[in-house]
Amino acid sequence: MLFRSRNRIMAAPMCQYVSHDGGPTEWQLVNFGRFAMGGAGIVFGEETAVEAPGRKTHHCAGLYNDAHVTQYRRINDFIRSLGATPAIQLGHCGRRASAHGPLQDRAPLTEADAKVGLIPWQGIAPSPIPASPGGALPREMDHDDIRKNIQLWREAAKRSLDAGYDICEIHGAHGYLIHQFLSPVSNRRTDGYGGSLEGRMRFALEITEAVRAAWPADMPLFFRISSIDGTGGEWGMDDSLALSRELKARGVDVVDCSSGGITGDGKLAPLPRVPGFQAGYAREIKEEVGVATAAVGMITEPSHAEALLRDGHADIIAMARELMDNPNWPLQAARALGVKEPLDLVHAREAQRLRLREQHRKDYPPGMAIEIPFGPNDVVPYSWEDLSPGKRARH
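The present account deals with the structure reproduced in this document. (Residues numbered from 1 in each chain as written. Predicted model: local features only at pLDDT ≥ 70, side-chain atom pairs only at ≥ 80, totals over all residues. Heavy atoms only, no water.)

Helices and strands together make up the secondary structure of the chain, namely 12 helices and 13 strands. Overall size of the chain, expressed as C-alpha extent along the three principal axes, is 95 × 55 × 40 Å. Out of the 395 residues in the chain, the part that is buried amounts to 51%. A separation of at least 24 residues holds for 67% of the contacts in the chain among residues at least 6 apart in sequence. Here the chain displays about 18800 Å² of accessible surface, and carbon together with sulfur accounts for 53% of that area. If the 45 positive side-chain charges of the chain are averaged to one point and the 49 negative ones to another, these points end up 3 Å apart. (Helix = DSSP H or I, 4+ residues; strand = E, 2+ residues; numbered from the N terminus. Buried < 20%, exposed > 50% of the residue type's maximum accessible area, 1.4 Å probe, protein only. Contact = heavy atoms within 4.5 Å. Areas by Shrake-Rupley, 256 points an atom, 1.4 Å probe, with all protein chains shown as cover. Lys, Arg positive; Asp, Glu negative; His and termini not counted. Charge placed at Lys NZ, Arg CZ, Asp CG, Glu CD.)

Another aspect to go through is the packing of aromatic side chains. A complete count under the given rule lists four aromatic pairs for this structure. Ring geometry for Y382 and W384: centres 5.1 Å apart, planes at 85°, overall edge-to-face. The class for Y382 is partly exposed, based on a relative accessible area of 22%. The ring of Y176 has R96 sitting right over it, with the charged end atom 4.8 Å from the ring centre. (Phe/Tyr/Trp six-rings, centres within 6.5 Å; stacked < 30°, edge-to-face > 60°. Lys NZ or Arg CZ within 6 Å of the ring centre and 35° of its normal.)

All right, on to unusual backbone geometry then. Working note: non-glycine residues mostly have negative phi, and peptide bonds are mostly trans. Within the chain, Y17 stands out as a residue other than glycine whose phi angle is a positive 60°. Mapped onto the fold, Y17 is located in the loop between β1 (9–11) and α1 (26–37). Within the chain, L387 stands out as a residue other than glycine whose phi angle is a positive 55°. Position of L387 among the secondary structure elements: in the loop between β12 (378–383) and β13 (388–389).

With that out of the way, let us pick up the state of the cysteines. All chains considered together, the criterion is met by zero disulfides. The thiol of C168 is not disulfide-bonded; the next cysteine sulfur, from C15, is found 15 Å away. Free cysteine C257: the closest other cysteine sulfur is in C168, separated by 17 Å. (Disulfide = S-S within 2.5 Å.)

What follows deals with the pairing of β12. In this sheet, β12 lies alongside strand β11 (residues 371–375) in antiparallel orientation, the contact comprising four bridges. Each residue of the ladder has a partner; that of G375, found in β12, is D378. Taking the residues between adjacent antiparallel strands as the criterion, β11 and β12 are bridged by two residues. Here β12 runs beside β13; their pairing, made up of two bridges, is antiparallel. By the bridge assignment, Y382 is partnered in β13 with P389. Where β12 folds back on β13, the antiparallel hairpin that results is connected by four residues, among which L387 adopts a positive phi of roughly 55°. (Pairing = 2+ DSSP bridges.)

As a further point, take the pairing of strand β9 (residues 292–296). Among the five residues in β9, four count as buried, and that is most of the element. For strand β8 (residues 254–258) and β9, the ladder comprises four bridges, and the chain directions are parallel. Among the inter-strand pairings, D256 is bridged to a residue of β9, identified as A294. For the crossover from β8 across helix α8 (residues 279–289) to β9, the handedness is right-handed. Alignment of β9 against strand β10 (residues 316–319), held across three bridges, turns out to be parallel. Looking across to β10, one finds that V296 is bridged to A318. Each parallel crossover has a hand, and the one from β9 via helix α9 (residues 302–310) to β10 is right-handed. (Right-handed = clockwise from strand over helix to strand, strands pointing away.)

The next point concerns the environment of G280. Among the secondary structure elements, G280 is positioned in helix α8. In the structure, G280 is positioned 15 residues away from A295 in sequence and 8.4 Å away in space, judged by C-alpha atoms.

This part is about helix α2 (residues 67–81). For α2, built from 15 residues, the straight-helix expectation of 21 Å at 1.5 Å per residue is met to within 8% by its first-to-last C-alpha distance of 23 Å. Among all positions of α2, only H68, V69, Y72, I75, N76 and I79 are buried. On its buried side, α2 packs onto α1, β2 (42–49), β3 (85–91) and α4 (143–162). Two residues or fewer past α2, G83 is found with a positive phi of approximately 95°. (Expected span 1.5 Å × (residues − 1).)

What follows deals with the pattern of salt bridges. Scanning the entire structure with this criterion turns up 20 salt bridges. A salt bridge links D256 to R224, with the nearest nitrogen and oxygen atoms 2.9 Å apart. Placement of the pair is D256 in strand β8 and R224 in strand β7 (residues 221–226), with a sequence separation of 32 residues. A salt bridge links E246 to R250, with the shortest nitrogen-to-oxygen separation between them at 2.7 Å. For E246, a relative accessible area of 30% corresponds to the partly exposed category. (Salt bridge = Lys/Arg side-chain N within 4 Å of Asp/Glu carboxyl O.)

In structure tokens, the structure reads:
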């Protein structure tokens, strides 16, 4: 389907680890609001769990009860008022459960943490294989667990609509539950949800069908994939092409092409983090499958982002850390690329003042003879070399 945003810059989902019982706080309002104020076309929040045990930490975001709806709607109304499109990424951590956040090195929760209210819990997974050697053993999901889990995605999609999101994305990457079913490293099942590629894709596709049925047909549905596993993994681009074809057939509008999250002892080489390092995945899926894609990863220069779009690598440029470093990147990119009215990206209150500053620069071009008044009959020449007035002569 076709949909409109004010540009093709997408603030990618970034976990914040500051939620309260799954619900957003003032941090999310300010953090995601600044990306909308800076001119991004699409503003994702963070990976948002479809149930409380589907969070990695006690402080991860969730949308698993109706009380969350009004909390997120407040943020989305603000983002929309600034001209951006609010978007949500739904997810489930699976075996990556019961941990601290990155500032504590994602250490597993212990009984010592339970004494201060951070009670550990057991994660779920397609197979009872820990996320890392020596890690906590997840519980293998049976068919009843799978059925109930799919229903949680359906309910979360409905709440997402009520909360005012305009785009919904299914998180099937980065070693989360869906990715755990997809990769043969983490899925050793012998039933209909494992074994062959078709079996390992089944869970992802059934979730997609459930979310697409709950999410309005005229509203965009994205799906984030790990185009390849992490170092030593087994899932590769041929698998991602097969998955993308099935996602497209089930109504997915955009495949968001990331990578990594599951490692193993196979031959898959480490992926160098260089500018546009995942853009080739987006290009191949776009060309081979005929579905829109998003490219993400070390895209920081406006000319590079524009070239990726112009040359057909992707339809959307997703940015995360670059926008954290510079929330006004879209505005600065618009200027660098010669957009006729770049200040149309920001709110009128800001645009008015910034246009006035531009007028000042036109009125007083560099090199012009300027005198700075210090009193009714007292002026001092301005130095363009020093960018400052000289010292006035005092008697």
